[in-house]
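Fold and geometry: a report
Letter by letter, the chains look like this.
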Amino acid sequence: MSKACEVPGCVKPPMVGDCRLNQLGIGCRGAVCGVEGDADLRRRLLEMGFCNGATVEVVRRAPLGDPIEFRLRGYCLSLRQEHARFVKVTVASA
Amino acid sequence: MHDCTFTIEPTRTTSADVIVALAGNPNCGKTTIFNALTGLRQKVGNYPGVTVERKTGRCRLSGGRWASIIDLPGTYSLISRAPDERIAMEVLRGLREDTPAPQVVIAVVDASNLQRNLYLVSQLIEVGRPLVIALNMLDIAQRRGIHVNAGALEKALGVPVVPVVGHRKQGIAELIAAIDRAAVAPMPAFPLPEAMRAEIEKLAPHAGRHAERLLIGDHAEDVQRLARRDDIAPIVSASMARLREQGIDPMQADIEAHYQWIDSITEQATHRGAGYQPVSDGLTAHATGSPLVYAPPKTLTERADAILIHKVWGLLIFAAIMGALFYSLFFIADPIMGWVEEGVAWLGGLVTEHLPEGPIRDLWADGIVAGVGAVVVFVPQIALLFLFLAVLEDSGYLARAAFLMDRLLRGVGLHGKSFIPLLSSFACAIPGIMATRTIEDRRDRLATIFVAPFMSCSARLPVYILLIGTFFAGLSAWGQAAIMLSLYVLGILAAAGTAWIFKRSLLKGQSSAFILELPVYKIPQISQIGRTVWTNSKAFIVRAGTIIFCLSVILWAMAYYPRLPEERIAQMEADIRAAPPIELTAPWITAPPPTDTAAMRAEILEENLRAYIPEAIASAQLEHSISGRLGHAMEPVIRPLGYDWKMGVGLVAAFAAREVFVSQMAIVYSAGDAEEDATDLQASMRADTYPDGRPVWTPAVAASLLVWFVLAMQCMSTVAIVRRETGTWRWPILMILYMNALAYVAALLTYQIGSRLV
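If you're wondering where the values come from, they're calculated on a predicted model, not measured in any experiment. (Residues numbered from 1 in each chain as written. Chains lettered and ligands numbered in written order. Predicted model: local features only at pLDDT ≥ 70, side-chain atom pairs only at ≥ 80, totals over all residues.)

**So, unusual backbone geometry**
Here the amide bond leading from Asp66(A) into Pro67(A) is cis, since omega sits at -5°, within 30 degrees of zero. Turning to its location among the elements, Pro67(A) is positioned in the loop between strand 3 (55-61) and strand 4 (68-72). At the junction of Tyr561(B) and Pro562(B), the peptide bond is cis and its omega measures out at -10° in the coordinates. Turning to its location among the elements, Pro562(B) is positioned in the loop between helix 22 (526-560) and helix 23 (566-578). Positioned with a positive phi, Asn52(A) is a non-glycine residue whose angle comes to about 55°. You can call Asn52(A) buried: it has 22 C-beta atoms within 10 Å. With a phi angle near 50°, Arg73(A) is a residue other than glycine that sits in the positive phi range. For Arg73(A), a count of 23 C-beta atoms within 10 Å corresponds to the buried category. (Helix = DSSP H or I, 4+ residues; strand = E, 2+ residues; numbered from the N terminus. Buried ≥ 20, exposed ≤ 12 C-beta atoms within 10 Å, placed from the backbone.)

Written out as structure tokens, the structure is:
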């Protein structure tokens with residue numbers, strides 16, 4: 001069961017189906033199901049590992065809300081909200 | 001251990017037996033391994049035509065042979081548009097004329113981040129050169145509960161895998177030995193979709209071995225050229241269209257296939273240690289492979305981050321660290337800079353004594369020695385800033401600082417990593433601009449470089465203090481401080497506005513994805529830090545120093561030539577003695593000495609004359625020189641701003657360094673050494689009038705001049721460093737034009753409106 005999302009505007013669990021990576025709350029996990037955006041951005045996100053249903057976890061947000069730190073494939077990286085929203089994730093039911 | 005040295009001509013490979021390229025992700029410890037392989041001295045330069053750093057070195061192999069090692073830029077991939085990655089790929093494929101094709105590639109892999117690192121390895125395998133894997137950071141991986149089996153990895157990949165702990169220099173000897181065992185890896189069977197394979201086969205007769213690269217959109221020059229050909233382009237679009245109909249995007253399919261291969265490799269080569277806890281959150285068929293997810297154990301880094309990136313504590317700690325940086329640049333570097341200046345002057349003075357009076361002596365003392373001083377004086381600040389930066393970067397904190405500040409700076413079109421360069425620029429823009437190296441994205445870096453000079457630097461302070469103290473003396477101390485503060489704020493606002501405009505116009509283009517890795521915290525290595533400080537200080541002296549020195553000598557000559565004729569000087573002296581200015585005779589009129597004799601008066605007058613006459617002559621000389629004439633020539637242009645030719649002379653001289661304005665004003669007004677005591681200068685300035693009686697200096701004029709100094713580009717050293725950091729004269733020239741135009745308009749408005757209000 002994902003932790004309660006304290007970020008306003010987060011799609012609160014329990015929920016099923018797709019949402020965007022920037023909508024997940026702290027501690028929530030999702031499986032990557034698609035990447036949108038222009039070719040360069042898509043390539044970069046895919047190459048960093050946002051593909052093949054990888055599990056992404058939201059670790060924290062910067063004090064001013066942006067950027068967001070994620071964990072995937074065993075490492076951590078930060079993305080700005082404007083880029084994170086191009087990643088579609090599936091959150092499973094509780 | 002092994003014996004290493006450096007090479008003087010890395011591009012000529014006749015002296016090396018093996019050419020080795022070092023590749024790897026950013027933050028994988030590649031630099032540490034490069035340093036361990038090549039020793040203290042390496043050659044650092046730029047790839048011609050781009051601002052990508054080029055590092056090469058040499059290493060001794062067994063049997064007396066030498067390897068030339070090229071440290072490729074840290075890259076996540078080899079086929080994207082980023083200049084770093086293009087250069088790396090070109091070097092690897094042997095397409096660059098300035099760099100020989102590598103015969104062996106050492107791929108540095110971060111064991112604690114295996115999957116993403118293996119993506120680059122998969123591309124290196126596709127390039128097809130003999131490969132060695134340096135499996136680095138095994139200790140960190142272990143702490144995180146990840147155990148990577150080097151032997152299993154070697155079996156899975158088919159190339160030698162050498163475990164290395166770079167920062168402890170373990171495994172280096174084995175790595176060197178493995179260079180001889182490098183093998184071309186067997187091409188993996190990347191599971192591409194059938195339809196895509198079919199399309200590649202269809203393209204093959206037309207495009208040869210580039211068929212797949214064409215489909216996935218490789219940005220290499222030769223592939224792009226092929227893609228644009230009239231006979232190829234339509235075939236490729238038809239293929240892409242067919243694939244799109246089946247829901248396949250070639251680029252995505254290619255990357256996914258690579259990662260599927262990576263998943264299988266990591267299955268074979270790793271296992272998780274005791275710290276891992278399986279967490280089931282019921283992800284079903286979407287998660288390929290394991291239905292369970294593992295949460296890694298809480299590491300020291302994560303616990304540290306809980307505080308350091310905390311909403312409250314994180315920002316407070318950040319403010320404290322930045323405050324310490326600022327303080328040291330302002331107050332610690334300052335006295336050291338004073339010593340450096342004195343030292344240079346003293347050394348120069350040793351020679352001056354032996355030179356005959358005349359132009360050569362003056363050229364030496366005021367031109368050459370002063371020029372060298374103008375360069376060397378920056379070294380303490382640069383060294384100090386880079387010391388700080390190296391510690392912050394190596395420890396891993398710099399990424400956190402960028403993480404905290406990014407939102408704030410992005411609002412004006414800058415970058416989280418712009419914070420430290422901009423903060424440093426409040427002390428001096430030269431080290432600040434050099435510090436923009438940490439910003440990877442070219443546009444963000446250029447924008448930061450462009451606005452850094454708007455941060456009111458310490459050289460402006462003497463001018464601010466002089467003008468505020470002279471013409472706003474009526475205000476209280478708080479009032480004067482408020483004016484000073486508003487000048488700083490004006491600079492910041494100008495910077496924000498400029499960055500915003502620039503990002504939208506000149507530097508318009510695709511912003512690369514902001515992807516910031518927060519690396520594991522580690523203790524910085526002293527040798528690494530020392531190396532960074534040394535390399536950057538040396539680079540500054542060599543590259544920017546030459547420009548600064550030349551400009552310094554030129555500016556000296558402009559104020560020195562043409563010389564006043566001897567007869568003029570003699571005539572001036574005679575005139576002054578015949579009719580001494582009233583203030584030289586005044587002292588004993590207002591306060592008569594106890595025994596007021598004519599002899600005593602004459603003695604005092606003579607003393608005053610001896611001090612005054614050289615100053616008067618210097619002032620006349622300055623007016624007679626090129627600088628002086630420029631000042632006069634400029635007058636019509638600067639009159640609308642409220643300035644006269646004397647200020648013009650000051651502005652010309654201030655191009656050497658802003659604080660020179662004060663000393664130049666002192667010379668023009670024959671007012672003695674203004675750095676010691678400015679009251680003479682202040683009095684002279686206040687008393688100065690135009691022929692019609694209007695005062696030259698009014699508060700509106702002073703305000704206008706202050707605004708000018710906030711906004712104008714008036715520092716040859718800054719121009720030199722921008723030239724060096726951007727690699728072209730285009731940006732420095734643009735900066736001069738833009739900033740001075742902005743300063744002109746702002747000063748104009750200030751004066752015209754101010755003179756009507758007051």
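Back to the text.
**A word on the nonpolar core**
Residues and elements named next belong to chain B. Ranked by internal contacts, the top residues of the largest apolar core, which has 211 residues, are Leu22, Ala107, Val109, Val132, Ile133, Ala134 and Leu135. Looking at which element gives the most residues to this core, the answer is helix 31 (residues 699-711), with 11 residues. When neighbours within four sequence positions are excluded, leucine 135 is seen to be in contact with Val109, Ala111, Val148, Ala150, Leu153, Val161, Val162, Pro163 and Val164. Counting seven residues, the second-largest nonpolar core is a separate cluster that includes Leu203, Ala207, Leu215 and Leu226. (Core = buried A, V, L, I, M, F, W, Y, C linked by C-beta atoms within 7 Å. Contact = placed C-beta atoms within 7 Å.)

**Regarding the confidence of the model for chain A**
This prediction gives chain A a mean pLDDT of 80; 79% of its residues lie at or above 70. Every residue in residues 1-7 of chain A is under pLDDT 50, and counting partners more than four places away or in other chains gives 19 contacts. (pLDDT = per-residue confidence, 0-100.)

**Details of the interface of chain B and chain A**
Contacts between chain B and chain A engage 42 residues on the former and 39 residues on the latter. Elements that contribute at least two residues to the side of chain B that touches chain A include exactly helix 3 (114-127), helix 11 (250-269), helix 13 (313-352), helix 16 (397-410) and strand 12 (515-517) of chain B. Counting residues per element, the side of chain B that touches chain A draws most heavily on helix 11 of chain B, which supplies six residues. In this sheet, strand 12 of chain B lies alongside strand 5 (residues 75-79) of chain A in antiparallel orientation, the contact comprising three bridges. Along strand 12 of chain B, the bridge assignment pairs Leu79(A) with Ile515(B). (Pairing = 2+ DSSP bridges.)

**Describing the pairing of strand 6 (residues 131-136) of chain B**
Residues and elements named next belong to chain B. Burial of strand 6 is extensive: six of the six residues sit out of reach of the surface. Side chains Leu131, Ile133 and Leu135 of strand 6 all project onto a buried face; the interleaved residues Val132, Ala134 and Asn136 project onto the opposite face, where all are buried too. Bridge count for strand 5 (residues 104-110) against strand 6 is six bridges, and the pairing is parallel. Residue pairing for strand 6: aspartate 110 is matched across the bridge by asparagine 136. Where strand 6 and strand 8 (residues 161-163) come together, three bridges link them in parallel fashion. Looking across to strand 8, one finds that leucine 135 is bridged to proline 163.

**Considerations on helix 3 of chain B**
Residue and element names in this part refer to chain B. Here helix 3 is 14 residues long and its end C-alpha atoms lie 20 Å apart, about the 20 Å a rise of 1.5 Å per residue gives. With 11 of 14 residues buried, helix 3 lies mostly within the body of the structure. Within the sequence span of helix 3, burial applies to Leu114, Arg116, Asn117, Leu118, Tyr119, Leu120, Val121, Ser122, Gln123, Leu124 and Ile125. (Expected span 1.5 Å × (residues − 1).)

**A short note on the packing of helix 15 (residues 379-395) of chain B against helix 22 of chain B**
All names here are of chain B. At their nearest, the axes of helix 15 and helix 22 sit 9 Å apart, and the two run at 140° to each other. The two elements helix 15 and helix 22 cross, and the hand of that crossing is right-handed. Two secondary-structure elements touch here, helix 15 through Val379, Ile382, Ala383, Phe386, Leu387, Ala390, Val391 and Asp394 and helix 22 through Gln528, Ile529, Thr532, Val533, Asn536, Ser537, Phe540 and Ile541. Of the residues in the contact of helix 15 with helix 22, the class split is 11 nonpolar, four polar and one charged. (Axes fitted to C-alpha atoms, helices over the stretch in contact; angles between N-to-C directions. Left-handed = near helix turned anticlockwise from the far one by under 90°. Nonpolar A, V, L, I, M, F, W, Y, C, P; charged D, E, K, R; others polar.)

**Looking at the environment of Val132(B)**
All names here are of chain B. You can see valine 132 is positioned in strand 6. Given 23 C-beta atoms within 10 Å, valine 132 falls into the buried group. C-alpha separation for the pair valine 132 and valine 105, spaced 27 residues apart in sequence, amounts to 6.3 Å. Beyond its immediate chain neighbours, meaning those up to four positions away, valine 132 contacts Val104, Ile106, Val159, Pro160, Val162, Ala178, Ile179 and Ala182.

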